[in-house]
Protein chains: 2
Amino acid sequence: MYRVFGMSSSGNCHKVKLLLEQLREPYDWQEVDIMRGESRTPGYLAMNPNGRVPLLQVGADIFLPESNAILNYLAEGSAFLPTDRLQRAQVLQWMFFEQYSHEPYVAVARFICCYLPPDHERRAELPRLRERGHQALKVMEQHLSSRRFFVGERYTIADIALFAYTHVADSGGIELVPYPAVRRWLEAVRSQPGYVAMPA
Amino acid sequence: MYRVFGMSSSGNCHKVKLLLEQLREPYDWQEVDIMRGESRTPGYLAMNPNGRVPLLQVGADIFLPESNAILNYLAEGSAFLPTDRLQRAQVLQWMFFEQYSHEPYVAVARFICCYLPPDHERRAELPRLRERGHQALKVMEQHLSSRRFFVGERYTIADIALFAYTHVADSGGIELVPYPAVRRWLEAVRSQPGYVAMPA
């Protein structure tokens, strides 16, 4: 049985939980509170030297970090990852887009608004983060305006990766009102079999 | 024949050129000068709405962005991408590490030092970028201290992805002196058949 080290309120960690639930794969969830430094202890750093969550334990002493690498590992051979060479690369295209052009803005804006005190100096970053977040959402809106899902007209791990922080973008002050195709797609993800909501 | 849209002095673009050379795959290189706005023209945005390089044209109207997605696409079925499920996931692990924990610091420090005027206000970002860059290099040093390459003891696209900006880290003020295993690995990459240097 897989063991997952993660923080339930983290979108990156919720990606892994959502896929495991949809795969009907049993797993043991070990809660790690990064706000209390639990991902920076010597014991945790021995499992993941980069000190981040989520982390998937796949063997006695084998640990796989990076949420989107974990999704690819778990989805191999399932309906959530295409077999076609180009479609597999397109799944990765959207996952790298998520980690480079989306998460560093949409997730960080949420983090500052929801986890830091209201007078924290990092609030000065919010205008730029929101501007970049909207840039990412515009790219998603354009793509989804003529498609149901990101790749191959079916639900894949690319959708799971992008859903994680998009569906809570408003908690970082990034409103989804201007993006009807994105909002339609969020509903399509929520209606998938085995969907589980991220804790508030 | 593949067509690549890229800027030769960009590490992300050089990844694609290096792999194509090592695969002995013919390609047509279309130079795109992002400093002159050539990745933001209506014609370019029609090919890649996210307005970034590199971009691989794989069919009449099929364009694949994201350097690391392109590497996975091109390397499929070659010696540069393992077939083992865990090793494939570990290749992705290091590629997501590169785009999230390495490139945004090491590449951006180089960009500020080499492409912006010496009195540019973004130089204020350099201390934080260098600190984070060193954090990434420490993770790499620890991993490489007992290994020749990042995954499976052979040269893969994970090495190509991480080589791109690591080997020019010093141009952003991030010295590699404290990282002997990283420097040994850089030499191992440079000695691979078909290696081509990135233009200065």
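Higher on the page you've got the structure.
Every value quoted in this text rests on a predicted model; they were computed, and no experiment measured them. (Residues numbered from 1 in each chain as written. Chains lettered and ligands numbered in written order. Predicted model: local features only at pLDDT ≥ 70, side-chain atom pairs only at ≥ 80, totals over all residues. Heavy atoms only, no water.)

(A) Representation of the interface of chain A and chain B in the model. Taken together, the 32 residues of chain A in the interface contact 32 residues of chain B. Summed over both sides, the interface between chain A and chain B buries roughly 3100 Å², with carbon and sulfur atoms accounting for 64% of that surface. For the interface between chain A and chain B, the tally reads 0 salt bridges. Where chain A meets chain B, there are 8 residue pairs in polar contact (both at pLDDT 80 or more). (Contact = heavy atoms within 4.5 Å. Buried area = accessible area lost by both parts, 1.4 Å probe. Salt bridge = Lys/Arg side-chain N within 4 Å of Asp/Glu carboxyl O. Polar contact = N/O pair within 3.5 Å; in protein donor to acceptor, adjacent residues only side chain to side chain.)

(B) Examining the packing of aromatic side chains more closely. Applying the stated criterion across every chain yields a total of 25 aromatic pairs over all chains. Look at Phe80(A) and Tyr155(A): their rings are 5.9 Å apart centre to centre, the planes differ by 80°, and that puts the pair in the edge-to-face class. Residue Phe80(A) is located in the loop between α3 (67-75) and α4 (85-115), and its partner Tyr155(A) is located in the loop between α5 (126-144) and α6 (157-166); the two are separated by 75 residues in the primary sequence. Three or more aromatic residues link up through ring pairs in this structure, and these residues are Trp94(A), Phe97(A), Phe150(A), Phe163(A), Trp185(A) and Tyr195(A). Seen from the ring of Trp29(B), Lys17(B) lies directly overhead, with NZ or CZ sitting 4.3 Å from the centre. Lying across the ring of Tyr73(A), Arg85(B) places its NZ or CZ 4.2 Å from the centre. (Phe/Tyr/Trp six-rings, centres within 6.5 Å; stacked < 30°, edge-to-face > 60°. Helix = DSSP H or I, 4+ residues; strand = E, 2+ residues; numbered from the N terminus. Lys NZ or Arg CZ within 6 Å of the ring centre and 35° of its normal.)

(C) Representation of the pattern of salt bridges in the model. All names here are of chain B. The final tally for this structure, using the stated rule, is 10 salt bridges over all chains. Across the salt bridge formed by Arg122 and Glu125, the nearest N and O atoms sit 2.9 Å from each other. Among the residues examined, Arg122 registers a relative accessible area of 28% and is labelled partly exposed. (Buried < 20%, exposed > 50% of the residue type's maximum accessible area, 1.4 Å probe, protein only.)

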